[in-house]
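Each chain, letter by letter, is given below.
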Amino acid sequence: MDRNVVKVLLAAWERPDFRAGLRHLIDLDEVTSLLAALSVDDHDDEVRRRAMELLRSALETSEIRAAVLLLIETDDIRHSLAAAIADGLADRPGLAASIRSALEDPAVRAQTRDALESPGLRALAWKVAEDEFRGRRVALVRQVVLLLLRHRPARRLAWALKKHGVVRELRRATSAPRSGDA
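Residues numbered from 1 in each chain as written. Predicted model: local features only at pLDDT ≥ 70, side-chain atom pairs only at ≥ 80, totals over all residues. Heavy atoms only, no water.

> How do you make sense of the overall build of the chain when you look at a structure like this?
Helix and strand counts for the chain stand at twelve helices and zero strands. Ordering the α and β elements of the chain from the N terminus gives α-α-α-α-α-α-α-α-α-α-α-α. Scored against the burial criterion, the 182 residues of the chain give a buried share of 37%. Restricting the contact set of the chain to residue pairs at least 6 apart, pairs at least 24 apart contribute 62%. Of the roughly 10600 Å² of accessible surface on the chain, a fraction of 56% belongs to carbon and sulfur atoms. (Helix = DSSP H or I, 4+ residues; strand = E, 2+ residues; numbered from the N terminus. Buried < 20%, exposed > 50% of the residue type's maximum accessible area, 1.4 Å probe, protein only. Contact = heavy atoms within 4.5 Å. Areas by Shrake-Rupley, 256 points an atom, 1.4 Å probe, with all protein chains shown as cover.)

> Can you help me understand helix α6 (residues 75–88) in this one?
Each α-helix winds once per 3.6 residues, and so residues spaced three or four apart point in a common direction. Across its 14 residues, α6 extends 20 Å between first and last C-alpha, which sits within 8% of the 20 Å expected from 1.5 Å per residue. Looking only at α6, the buried set comprises Ile77, Arg78, Leu81, Ala82 and Ala84. Down the axis of α6, the buried side of the element spans an arc of 160 degrees, and every buried residue falls inside it. (Expected span 1.5 Å × (residues − 1). Arc of directions from axis to C-beta.)

> Help me understand the confidence of the model for the chain, please; the structure alone is not making it clear to me.
Interpreting fine coordinate detail is not advised for predicted regions of low pLDDT. Across the chain, the average pLDDT comes to 76, with 75% of residues at 70 or higher. Within the chain, the element-level pLDDT minimum falls on helix α3 (residues 28–38), averaging 69, and the maximum on helix α7 (residues 93–104), averaging 92. Predicted confidence is poor over residues 174–182, with pLDDT under 50, and the contacts of this stretch with residues over four places away or in other chains come to one contact. (pLDDT = per-residue confidence, 0-100.)

> Got a minute to help me understand the packing of helix α8 (residues 106–116) against helix α11 (residues 152–163) in this structure?
Helix-helix packing is described using two parameters, namely the angle between the two axes and the distance between the axes. Here α8 crosses α11 at 155 degrees, and the two axes come no closer than 9 Å. As the angle between them shows, α8 and α11 are arranged roughly antiparallel. Helix-helix and strand crossings are classified by hand; for α8 and α11 the assignment is left-handed. Across from Val108, Gln111, Thr112, Asp114 and Ala115 in α8, the residues of α11 making contact are Pro153, Arg156, Leu157, Ala160 and Leu161. Its residues assigned to classes, the contact of α8 with α11 shows six nonpolar, two polar and two charged. (Axes fitted to C-alpha atoms, helices over the stretch in contact; angles between N-to-C directions. Parallel < 35°, antiparallel > 145°, perpendicular 65-115°, else oblique. Left-handed = near helix turned anticlockwise from the far one by under 90°. Nonpolar A, V, L, I, M, F, W, Y, C, P; charged D, E, K, R; others polar.)

> Explanation requested: the environment of Pro16 in the structure shown.
Counting through the fold element by element, Pro16 comes out in helix α2 (residues 16–22). Taking the relative accessible area as the measure of exposure, Pro16 reaches 65% and is therefore exposed.

> Before we go on, may I ask you to explain the side chain of Gln111 in this structure?
Counting through the fold element by element, Gln111 comes out in helix α8. For Gln111, a relative accessible area of 17% corresponds to the buried category.

> Looking at this structure, I do not really get the packing of helix α5 (residues 62–73) against α8. What am I missing?
Interhelical geometry of α5 versus α8 gives an angle of 165 degrees and a closest axis separation of 11 Å. Taken together, the axes of α5 and α8 are roughly antiparallel relative to one another. The element α5 and its partner α8 pack so that their crossing is right-handed. Counted together, Arg65, Leu69, Ile72 and Glu73 of α5 and Arg109, Thr112, Arg113 and Leu116 of α8 form the full contact between these two elements.

Printed below as a string of structure tokens:
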């Protein structure tokens, strides 16, 4: 998780409606300390794993999903989130611009909401995230294909993201040679 995104989460944390959704999750002090640990550059994989487990359990509660959706539904938080993403993708301005464009589209936000409401899609999305975290590329591709085949909200979201160039920019990054590879 990028340090700038965590700073946005800390800003969102100050909003009463965001905190209200998360109060059912766990001890608020634990969330605060986890966000603080994630905001520094040199956090370890254990901190990232803890954050993923926290988010996974959180998204199973409708109130918490609503709080998470505030990140893209509330203008000031969405703009800060887009800026943080752009900072994290400074070496890929096309991808940052396409993500910003997608975040500003109400249809994409609606498709994101629909996707988060599907328990099956959430479960498969976590498998994708775990494969990415563990660097299992073949399993990652297989899970993404299953996600798109089995879940209509995932297909709709993918199509909406494609319209904004996110898919094209992701392909461009994947096909570009890495430094040191030759």
